[in-house]
Amino acid sequence: ARALTPQTAETDAIRFLVGTQSLRYDNQIHIIDFDDENNIINKNVLLHQVGEIWHISTSPADKGVLATCYNKTSDSKVMTCAAVWRMPKELESGSHESPDDSSSNTQTLELLCHLDNTAHGNMACVMWEPMGDGKKVISLADNNILLWDLQESSTKAVLSSSAALEGKGQLKFTSGRWSPHHNCTQIATANDTTVRGWDTRSMRQIYCIENAHGQLVRDLDFNPNKQYYLASCGDDCKVKFWDTRNVTEPVKTLEEHSHWVWNVRYNHSHDQLILTGSSDSRVILSNMVSISSEPFGHMVDDDELSDQEDQHQEEKIKEPLQDSVIATYEEHEDSVYAVEWSSADPWLFASLSYDGRLVINRVPRALKYHILL
């Protein structure tokens, strides 16, 4: 497996979706519900009969709707296609009851629509408009950016605009991220060693970070609290942090992994917490506090401090806190292709390795209280 996503419209229950990659069997989407009070994982399986799943993403507005990119073989050619699906009604929200006999009642996804890519090439990913009503998605297909309007309860996708990468050679997008800032009018894409920003209204390029990494860029993520900050990671084993207003140099570089870094994710609530997953089979949780929205720690109101404390506090405020690696998780025995934070619990995250192992972890308690208190 290499496709993982949190359920973004569900903020009450901790839920992740995993897509399988099997050549021999029907592929599946596993709905993973985590009951954190009792530390129990419940799993429901949905059949995804169209092919192995390379990417999965969920609607920000509708708990039951998701998109997948999957392989399809026709005329001995393999195409990566994309489609939007609905899960059965009874599975839409997180339940703590696992079905009694999971083998007999495997259900199937309902196809809402295909994102037709016959003219555009192989789909790399599908991104939903972050704050939207679930009607706007962008897909990246080879060297094309396609903006779709999902109409009529998502059963029809209309291509509303597109843009193409121009240049020499076989240009192909590897991944992209839709920015939650600027009224959701910007996306960032990765192709080869380059990171580009695009305005979704004009479909024009707004910035370009050439040679962002020494080798292929694998993934991107936006800081949820600082509008110009973007993280990238790639095959040069590095994670880099950029201010998109000045792209000549990264603001910070992390060099903790010993192989390709497949995934980088900012915590949605505390942007100093950064998760990365790599083919060195490790997940690393870093504290990038110096470039976070609270570089000097949690601000305290002056009125709350006594004189003595006041002096101490002033000394402390002068310098930003130190960046550090908080923890390295080594529960995986294979390449970690995906890491994701839960949408419901900011202290909880999941990681997925190629051998199909999903691991759920928490931010260390001491650090959690250090951030909160």
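Residues numbered from 1 in each chain as written. Predicted model: local features only at pLDDT ≥ 70, side-chain atom pairs only at ≥ 80, totals over all residues. Heavy atoms only, no water.

By the naming in an unreviewed UniProt entry, the chain is EIPR1 protein, taken from Thinocorus orbignyianus. Regarding the chain, the UniProt comment filed under Sequence similarities (unreviewed entry) reads as follows: "Belongs to the WD repeat EIPR1 family." (UniProt positions renumbered as here; feature names shortened; annotations may be inferred.)

Overview of the sheet that holds strand E6 (residues 65-74)
Pairing within the open sheet is antiparallel, and its four strands lie in the order E5-E6-E7-E9. Strand pairing shows two members of the sheet lacking a second neighbour, strand E5 (53-58) and strand E9 (110-115), which therefore form its edges. Neighbour-to-neighbour, the strand axes of the sheet open up by a mean angle of 30 degrees, direction not taken into account. Bridge count between E5 and E6: five bridges; the pairing is antiparallel. Looking at the pairing, His55 lines up with Cys69 of E6. (Pairing = 2+ DSSP bridges. Helix = DSSP H or I, 4+ residues; strand = E, 2+ residues; numbered from the N terminus. Axes fitted to C-alpha atoms, helices over the stretch in contact; angles between N-to-C directions.)

Notes on the domain arrangement of the chain
Domain boundaries assigned for the chain yield domain 1 (1-91 + 106-164) and domain 2 (166-293 + 318-372). One C-alpha centre belongs to domain 1, the other to domain 2, and the line joining them spans 21 Å. Listed per partner, the contact involves 41 residues of domain 1 and 38 residues of domain 2. Where domain 1 abuts domain 2, roughly 3100 Å² becomes buried across the two surfaces, and 73% of that area is made up of carbon and sulfur atoms. Where domain 1 touches domain 2, the interface holds zero salt bridges. Applying the counting rule to domain 1 against domain 2 returns six residue pairs in polar contact (both at pLDDT 80 or more). Those elements giving two or more residues to the side of domain 1 that touches domain 2 turn out to be strand E1 (3-6), strand E2 (14-19), strand E3 (27-35), strand E10 (123-128), strand E11 (136-141), strand E12 (144-151) and strand E13 (156-164). Residues that form the side of domain 1 that touches domain 2 fall into these classes: 24 nonpolar, ten polar and seven charged. (Domains from an automatic or database assignment. Contact = heavy atoms within 4.5 Å. Buried area = accessible area lost by both parts, 1.4 Å probe. Salt bridge = Lys/Arg side-chain N within 4 Å of Asp/Glu carboxyl O. Polar contact = N/O pair within 3.5 Å; in protein donor to acceptor, adjacent residues only side chain to side chain. Nonpolar A, V, L, I, M, F, W, Y, C, P; charged D, E, K, R; others polar.)

A closer look at the pattern of salt bridges
Scanning the model with the defined rule gives 13 salt bridges in all. Asp62 is paired through a salt bridge with Arg86; the nearest N and O atoms lie 2.8 Å apart. Taken together, the residues span a long stretch of sequence, with Asp62 in the loop between E5 and E6 and Arg86 in strand E7 (residues 77-86) at a distance of 24 residues. Between Arg282 and Asp280 there is a salt bridge, with the nearest N and O atoms lying 3.2 Å from each other. Take Asp280: its relative accessible area is 13%, and that puts it in the buried class. One network of salt bridges, in which partners are shared, links Asp62, Arg86, Lys89 and Glu92. (Buried < 20%, exposed > 50% of the residue type's maximum accessible area, 1.4 Å probe, protein only.)

Considerations on the side chain of Asn267
Relative to the elements of secondary structure, Asn267 occurs in the loop between strand E22 (261-266) and strand E23 (273-278). Classification of Asn267 by relative accessible area gives buried; the value is 0%. At a separation of 3.0 Å, a polar atom in the side chain of Asn267 contacts the main-chain amide nitrogen of His270. A distance of 2.6 Å separates a polar atom in the side chain of Asn267 from the backbone oxygen of Pro346. Filtering out sequence-adjacent residues up to four positions away, Asn267 remains in contact with Pro224, Leu273, Trp341 and Pro346.

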